[in-house]
Structure formats: C-alpha cells, structure tokens
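# Residue-level structural notes
As a plain string of letters, each chain reads:
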Amino acid sequence: MKSRKLVYEGKSKILYEGPEPGTLVQYFKDDTTALDATKKAVLEGKGVLNNRISEYLMTKLTDIGVPNHFMRRLNMREQLIREVEIIPLEVVVRNIAAGSLSKRLGIEEGTTLPRSIIEFFLKDDKLHDPMVTEEHITAFQWAAPQEIDEMVASAIRINDFLSGLFLGLGIRLVDVKLEFGRLWENDMMRVILADEISPDSMRLWDVRTNEKMDKDRFRKDLGGVMEAYSEVAKRLGILNELQNNERKGPVLVK
Ligand code: CDP
C-alpha cells in the first residue's frame, strides 16, 4: 500500500498529502454522522457516490467559472484537490424552509422562502456550529469583509446554478451548505469553493412526491439512504458509469 502522510481526518473525509506541493488527496469515507456526531453509521458505498457526485457538480461549476478546489478524480473514493486555508465558516443558502431554520424561527418545513436566504455558521463542533452574523465574523477576524462579499456572491451563483440543474432532474434544492478556502497564487489571494457538494451537504426533495433524497433520511431514520443517494446519482447520469466500472472490481453500491 501507498504510504501517504495523513493531513487531517474529519467525520466523513480524510485528507492526505498530494503528489505535488499545494495539492491534497481527499478520501470519501462511508462514515455518516448527524446530530453533532451523536448519531453514527457506516453506509456502504456512500463515499463512492459522494466522490462522484461532488466531482460532477464541482466540474459543472468550473465550467461556468466558479473557482473551486477540485482538480480531478483519482479513483472510486479519492479526488485530487488544491490545498486551501479553510475559512472556519459554513455558508448555508436556503430556498425552502427546513431543518434549523424551521426550528429556530417556527417556519413550517416546506414553506418556499420569499427569497434565498444566506446564513453563516461557525465551524466548531464543541460549540455545535453556532449561527454567527457578519458582525461576529469581522470582529473575530474569521473572514475579512471582502472575503464575506466574495463568499456571498459565489454562494448565490452556486445556489442559482444548482437549483436549475436539479429542477431539470425533478429535484428541488431546498438548501445547501458551502465551505470556502483561501488560495494563494504568488502574492495574490483568492477565495474559492472547497469541501464537497453532495447529498450529505444539501437538502434535495423530489418535485413530484416531496420524498427526501439526502442526509435527512439518515438524520430522521427514514431508511433508504443509499437508495436515495443512488437515485440522485442516477438522475445526474453518473450511476450507469459506476455500474459499468463495477464489473472490473470493487463492489460499489448496495
Ligand atoms: O441539518 P440541520 O437541521 O442541523 O442544519 P441546517 O442549518 O438546517 O442545515 C442546512 C443545510 O446545511 C442542510 O442541507 C444540511 O445538510 C447542511 N449542513 C451540513 O452540511 N453540515 C452541517 N454541519 C450542518 C448543516
């Protein structure tokens, strides 16, 4: 086996040193956590699907000029990414009320929002990822005002693009969580999209049936988690390719 230096291990992904300076290898695990990691499971094949779904969406975003960390997929579970300094914020864009917004503000789940709403959460498991405002972000220097502007502009563009892409596949994009990082090129610094975009980080509802096709199936014990993730991959047109590869080797999706 390759001996690679582990850079960071998170709840659902591992980062290894990449082949060249400034690159990392992002490995997608089958591990799934929810409710501040008090709920855990291994969903066989989830990492394979998320690797492929995230590759597909990041590539599409590159095509429309949204800078992101994705370079290329290496194998079933790994992708090569640009190393960035992660900004310690989760940027959530919401189109329909669900999850913590419904709970916090008493707005019924499923209510279409009057306009897309952006929220920031501090990435800190010990504090349970509290919601923060731009005031907190600039006062505590988690990000500079210009970086916030860049994240918001990018998040709106990503949300609009993904909403249209998924609607064409009969899926409503309810909300999506994005993470950004700083990339230095010589003396220049840019803020680019990082992390992943997958059913672990978005809420996706079937337009016709309102069935949940995302991690809420796990959070709420609805069952059929992998079937839902597979259906998303199928509608994106990437599952056939995965099944064709299956004949050559590892078992992919149960
Ligand atoms: O998921 P929960 O109800 O705790 O939080 P939310 O603020 O309603 O989540 C908004 C969106 O961000 C959903 O699509 C979640 O799946 C995603 N999210 C995430 O990817 N990682 C987190 N730590 C929290 C939320």
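Residues numbered from 1 in each chain as written. Predicted model: local features only at pLDDT ≥ 70, side-chain atom pairs only at ≥ 80, totals over all residues. Heavy atoms only, no water.

Inspection of the region around the ligand gives 15 residues, with Arg94, Ser100, Asp175, Lys177 and Arg219 positioned closest. Contact between the ligand and Arg203: an oxygen atom at 3.0 Å from a side-chain N or O atom of the residue. One nitrogen or oxygen atom from the side chain of Arg219 is found 2.8 Å from an oxygen atom belonging to the ligand. Burial of the ligand by the protein amounts to 78% of the accessible area it has alone, namely 500 Å². Of all the secondary structure elements, the ones that give two or more residues to the shell around the ligand are strand E9 (89–96), helix H2 (99–105), strand E12 (171–185) and strand E14 (202–206). The element that contributes the greatest number of residues to the shell around the ligand is E9, accounting for 3 residues. By residue class, the composition of the shell around the ligand is 4 nonpolar, 3 polar and 8 charged. (Near = heavy atom within 4 Å. Polar contact = N/O pair within 3.5 Å; in protein donor to acceptor, adjacent residues only side chain to side chain. Areas by Shrake-Rupley, 256 points an atom, 1.4 Å probe, with all protein chains shown as cover. Helix = DSSP H or I, 4+ residues; strand = E, 2+ residues; numbered from the N terminus. Nonpolar A, V, L, I, M, F, W, Y, C, P; charged D, E, K, R; others polar.)

Across the sheet, which stays open at both edges, the 5 strands sit in the order E1-E2-E3-E7-E6 with antiparallel pairing between neighbours. Because the sheet does not close on itself, it has two edges, and the strands there are strand E1 (6–9) and strand E6 (70–73). Each strand of the sheet is rotated relative to its neighbour by a mean of 25°, with strand direction disregarded. Packing of helix H1 (residues 46–63) onto the sheet brings it into contact with strand E3 (23–28), E6 and strand E7 (78–82), and relative to E6 it is tilted by some 130°. (Pairing = 2+ DSSP bridges. Axes fitted to C-alpha atoms, helices over the stretch in contact; angles between N-to-C directions. Contact = heavy atoms within 4.5 Å.)

Attention now goes to the pairing of strand E10 (residues 112–122). Of the pairings in the sheet, the one linking E9 to E10 comprises 7 bridges and is antiparallel in character. If you follow Arg94 over to E10, its bridge partner there is Ile117. As paired elements, E10 and strand E11 (residues 131–132) share 2 bridges and run antiparallel to each other. Considered in E11, the bridge of Phe120 is made with Val132.

Turning next to the pattern of salt bridges. Inspection of every chain in the model, using the stated rule, returns 28 salt bridges. The partner of Arg73 in a salt bridge is Glu55, with the nearest N and O atoms 2.7 Å apart. Taken as a pair, Arg73 in strand E6 and Glu55 in helix H1 lie far apart in primary sequence, 18 residues in all. When its relative accessible area of 15% is taken as the criterion, Glu55 is described as buried. Its salt-bridge partner being Arg182, residue Glu147 comes within 2.6 Å of it at the nearest N-O pair. On the criterion of sequence distance, the pair formed by Glu147 in helix H4 (residues 145–167) and Arg182 in strand E12 is long-range, its members being 35 residues apart. Each member of the pair, Glu147 as well as Arg182, is classed as buried. Counted as one network, the salt bridges with shared partners bring together Arg94, Arg104, Glu119, Asp175, Arg203, Asp216 and Arg219. (Salt bridge = Lys/Arg side-chain N within 4 Å of Asp/Glu carboxyl O. Buried < 20%, exposed > 50% of the residue type's maximum accessible area, 1.4 Å probe, protein only.)

Of all the 5 residues making up E7, 4 are buried; the element is thus mostly covered by neighbouring parts of the structure. Taken together, the 3 bridges between E6 and E7 define a ladder with antiparallel strand orientation. Pairing of Phe70 across the sheet is with Ile81, part of E7.

Let's shift gears to the nonpolar core. Ranked by size, the top nonpolar core spans 46 residues in total, and within it Phe166, Leu178 and Ile197 carry the most contacts. Broken down by element, this core gets its largest block of residues, 7 residues, from H4. When residues no more than four places from it in sequence are discounted, the contact partners of Leu178 are Leu89, Glu90, Val91, Val93, Ala155, Ile158, Leu193 and Ile197. (Core = buried A, V, L, I, M, F, W, Y, C linked by side-chain atoms within 4.5 Å.)

With 94% of its residues at a pLDDT of at least 70, the chain reaches an overall mean of 95. Looking at the elements of the chain, mean pLDDT is at its lowest for helix H7 (residues 239–246), recorded as 67, and at its highest for E9, recorded as 99. (pLDDT = per-residue confidence, 0-100.)

Most peptide bonds take the trans form, and the phi angle of most residues other than glycine is negative. The residue Asp36 is not glycine, and still its phi comes out positive at about 55°. The phi dihedral of Asn210 falls on the positive side, at around 65°, and the residue is not glycine. Secondary-structure assignment places Asn210 in the loop between E14 and helix H5 (216–219). Take Asn210: its relative accessible area is 42%, and that puts it in the partly exposed class.

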